[in-house]
Amino acid sequence: MIIYGGLSFSKISCFLQCPGKYALKYHKRVKVPQTEPGENLVIGSLVHEALDIMGKGETKDVDEALMKAMKTVDKIITPAVLRQSTEIIRGWYDETKFNPLPLSTEQEFSMDLGDGCTIMGFIDRVDRIGISGIRITDFKTGMSFYGETDLQDNFQLLIYAVAARALYDPSNIEIGYD
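Attention here is on the structure that accompanies the text. As the structure is a computational prediction, the values presented were derived from the model and not from experiment.

### Some details on the packing of aromatic side chains
- This structure, assessed with the given rule, holds 1 aromatic pair.
- When the centroid spacing of 6.0 Å and the interplanar angle of 80° are considered together, the rings of Phe 109 and Tyr 160 count as edge-to-face. Taken as a pair, Phe 109 in strand S1 (residues 104-114) and Tyr 160 in helix H7 (residues 155-168) lie far apart in primary sequence, 51 residues in all.
- Assessed through its relative accessible area of 4%, Phe 109 is described here as buried.
- Look at Tyr 160 and you get buried, because its relative accessible area is 6%.

If you want it as C-alpha cells, here you go:
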C-alpha cells in the first residue's frame, strides 16, 4: 500500500472498504461532490462540539453549550436535530455526572510509525482515573449500543489507546463509547 500523507482511522477505513476509492481520494485527490450531510452526521457534529465546550469548562449548562456549538458547526441545524442533540447530551450528562475537568477533549495526536508513515487523529475525551490511569471516551451518536465485542474489535480505539500511552504514560487505560 502506498500511503499518501499521514494515516488516520478514516483513511485506513477507506482503504479497507475499497483500495481504488482510497487511491482516487488521497492520491489523485478526486473531489467527490458533497451532498447535504445526513441528520446523524449533523447531530454528531453538534454533540461533539457542545461536549468539547463543556469539557473545556466554558459552561456546565447544556443549552448554553449547544448555542455556542451552533455558532461553530457549519451545518443546517433543524429543530429536530437540536432536540435530539439536547436529549443525547442531557442523557449522557445525567448518567455520568460529567467530570468537569477532563485531561483533554479533542486531543490531537500524531505518531511516527517509521519509514515516513505517520498516523494521526483526535481523541474525543480523556479523563483521569485514580492517580495515574486514564479513560478514553469515543462519543458515538449514530448508533445506540456497542457491546464488549465491538470494543475488542475496534481498531479506532486501539489507535487511541496507543496514542494515549505515548501522550500520558498512564499506569492503565480504559476505553469506551458514550
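### What to know about a nonpolar patch on the surface
- Judged by side-chain polarity, Phe 155, Leu 158 and Val 162 come together as a nonpolar surface patch covering roughly 270 Å² of accessible area.
- Checked against the element boundaries, Val 162 lands in helix H7.
- Here Val 162 falls in the partly exposed class, since its relative accessible area comes to 43%.

### Considerations on the side chain of Gln 156
- When you line up the elements, Gln 156 lands in helix H7.
- Those residues in contact with Gln 156 that sit more than four places away from it in its chain are Phe 9, Asp 138 and Lys 140.

### So, the side chain of Thr 86
- Locating Thr 86 in the fold gives a position in helix H5 (residues 79-96).
- Take Thr 86: its relative accessible area is 16%, and that puts it in the buried class.
- Of the polar contacts made by the side chain of Thr 86, one reaches the backbone oxygen of Leu 82; its length is 2.8 Å.
- Those residues in contact with Thr 86, other than ones at most four positions away along the chain, are Val 62, Asp 63 and Leu 66.

### Regarding the nonpolar core
- Among the nonpolar cores identified, the biggest contains 20 residues, and Leu 7, Phe 109, Ile 119, Ile 123, Ile 136 and Tyr 160 are the most heavily contacted of them.
- At the level of secondary structure, the elements contributing two or more residues to this core comprise helix H1 (9-17), helix H2 (19-27), S1, strand S2 (117-129), strand S3 (133-138) and H7.
- Examining the composition of this core, we find that 6 residues originate from one element, H7, more than from any other.
- Once residues within four sequence positions are removed from consideration, Ile 123 is found in contact with Thr 105, Glu 106, Gln 107, Phe 109, Ile 136, Tyr 160, Ala 163 and Ala 164.
- In terms of nonpolar packing, the next biggest core, distinct from the first, is built from 18 residues, Val 42, Val 73, Val 81 and Phe 139 among them.

### Concerning the sheet that holds S2
- Pairing in this open sheet of 4 strands is mixed, and the strands run S1-S2-S3-S4 from one edge to the other. Of all strands in the sheet, those with a lone pairing partner are S1 and strand S4 (173-177), marking the two edges. Neighbour to neighbour, the strand axes of the sheet diverge by 40° on average, direction disregarded.
- Summarising the sheet, S2 and S3 pair through 5 bridges and their orientation is antiparallel. Note that in S3 the partner of Arg 128 across the bridge is Ile 134.
- Strands in contact with helix H3 (residues 39-55) are S1 and S2; relative to S1, the strand with the most contacts, it is inclined by about 105°.

### Some thoughts on the pattern of salt bridges
- Scanning all chains against the criterion turns up 4 salt bridges.
- Taking the shortest distance from any N to any O, the salt bridge between Asp 127 and Arg 125 comes out at 2.8 Å. As far as the burial class goes, Asp 127 and Arg 125 line up, both buried.
- Counted as one network, the salt bridges with shared partners bring together Glu 58, Glu 64 and Lys 68.

Definitions and cut-offs
- Residues numbered from 1 in each chain as written.
- Predicted model: local features only at pLDDT ≥ 70, side-chain atom pairs only at ≥ 80, totals over all residues.
- Heavy atoms only, no water.
- Phe/Tyr/Trp six-rings, centres within 6.5 Å; stacked < 30°, edge-to-face > 60°.
- Helix = DSSP H or I, 4+ residues; strand = E, 2+ residues; numbered from the N terminus.
- Buried < 20%, exposed > 50% of the residue type's maximum accessible area, 1.4 Å probe, protein only.
- Patch = residues over 30% accessible without salt bridge, like charges linked within 9 Å, V, L, I, M, F, W, Y side chains within 5 Å.
- Areas by Shrake-Rupley, 256 points an atom, 1.4 Å probe, with all protein chains shown as cover.
- Salt bridge = Lys/Arg side-chain N within 4 Å of Asp/Glu carboxyl O.
- Contact = heavy atoms within 4.5 Å.
- Polar contact = N/O pair within 3.5 Å; in protein donor to acceptor, adjacent residues only side chain to side chain.
- Core = buried A, V, L, I, M, F, W, Y, C linked by side-chain atoms within 4.5 Å.
- Pairing = 2+ DSSP bridges.
- Axes fitted to C-alpha atoms, helices over the stretch in contact; angles between N-to-C directions.

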